[in-house]
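Read off the chains here:
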Amino acid sequence: GAGVSQSPRYKVAKRGQDVALRCDPISGHVSLFWYQQALGQGPEFLTYFQNEAQLDKSGLPSDRFFAERPEGSVSTLKIQRTQQEDSAVYLCASSSGPSNQPQHFGDGTRLSIL
Amino acid sequence: KQEVTQIPAALSVPEGENLVLNCSFTDSAIYNLQWFRQDPGKGLTSLLLIQSSQREQTSGRLNASLDKSSGRSTLYIAASQPGDSATYLCAVRDYGGSQGNLIFGKGTKLSVKP
């Protein structure tokens, strides 16, 4: 597709359930980023992939958060044993690689934990 | 640790007015600075990207400036229109971390009244 695609757009889960969020980056983009955006805040960095390699996961808030990109294209962000504070919008972005290139964002997945 | 601040948090102007949004950052060692627009329930749309070696970038009615030494950027919107109403986010990519992630401000919520 022409842009970054994320699914589902909305996800409601009960506390304690596991969830999986998908990101389909722009074709050919080697860099992929996940961000978490709380209500009224700017996005905060979670993790970064270059192709299939996860080069930085310093922003993941706990070991309940796990991300993968096994074939260097589609990425999945998994949250285990969800808690209420995990409720946020999860944004995925991709770029063509070098640090001087812009990041292009998807519409995000709005996650609500009941 | 890099911190990005945006002032004001919210701004309401009548249609046709020229306006300036401000962004400041604490560490001048950046690769670039990017301005985004975010509509309610949507992801981020990239507006302008200024490399660290550049002073400004222009796109249509938008002009963004960068003064790296003072840690400041401004986004100038000429002849504002109701369709410009959105939240505007500023983000820097600095030398810390994976050299990939963006560090965002909390945004300025702009309302342009007809």
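Look above for the structure.
Residues numbered from 1 in each chain as written. Chains lettered and ligands numbered in written order. Predicted model: local features only at pLDDT ≥ 70, side-chain atom pairs only at ≥ 80, totals over all residues. Heavy atoms only, no water.

**Some words on the overall build of chain B**
Reasoning step 1: A tally of helices and strands in chain B yields zero helices and eleven strands.
Reasoning step 2: Along chain B, helices (α) and strands (β) appear in the sequence β-β-β-β-β-β-β-β-β-β-β when read from the amino end.
Reasoning step 3: Dimensions along the principal axes, computed over C-alpha positions, put chain B at roughly 45 × 30 × 20 Å.
Reasoning step 4: In chain B, buried positions account for 45% of the 114 residues.
Reasoning step 5: Carbon and sulfur atoms form 48% of the exposed surface of chain B, whose accessible area is close to 5300 Å².
Reasoning step 6: Between the mean site of the 11 positive side-chain charges and the mean site of the 9 negative ones, chain B shows a separation of 5 Å. (Helix = DSSP H or I, 4+ residues; strand = E, 2+ residues; numbered from the N terminus. Buried < 20%, exposed > 50% of the residue type's maximum accessible area, 1.4 Å probe, protein only. Areas by Shrake-Rupley, 256 points an atom, 1.4 Å probe, with all protein chains shown as cover. Lys, Arg positive; Asp, Glu negative; His and termini not counted. Charge placed at Lys NZ, Arg CZ, Asp CG, Glu CD.)

**With respect to the packing of aromatic side chains**
Reasoning step 1: Under the definition given, this model contains eight aromatic pairs over all chains.
Reasoning step 2: Relative to A:F45, the ring of A:Y35 lies with its centre 6.2 Å away and its plane at 75 degrees, an arrangement referred to as edge-to-face. A residue pair is termed long-range when its members are at least 10 positions apart, and A:Y35 in strand β4 (residues 31-37) and A:F45 in strand β5 (residues 44-50) qualify at ten residues. For the pair shown, A:Y35 and A:F45 are each scored as buried.
Reasoning step 3: What links up through ring pairs into an aromatic cluster is the set A:F33, A:Y35, A:F45, A:Y48, A:F105, B:F36 and B:F104.
Reasoning step 4: Sitting over the ring of A:Y10, A:R9 keeps its end group 5.4 Å from the ring centre. (Phe/Tyr/Trp six-rings, centres within 6.5 Å; stacked < 30°, edge-to-face > 60°. Lys NZ or Arg CZ within 6 Å of the ring centre and 35° of its normal.)

**With respect to the pairing of strand β6 (residues 53-56) of chain A**
Residue and element names in this part refer to chain A.
Reasoning step 1: Pairing analysis gives three bridges linking β5 to β6, with the strands arranged antiparallel. Among the inter-strand pairings, Y48 is bridged to a residue of β6, identified as D56.
Reasoning step 2: Taking the residues that link successive antiparallel strands as the turn, the β5-β6 hairpin has two residues, and the phi of N51 there is positive, at about 55 degrees. (Pairing = 2+ DSSP bridges.)

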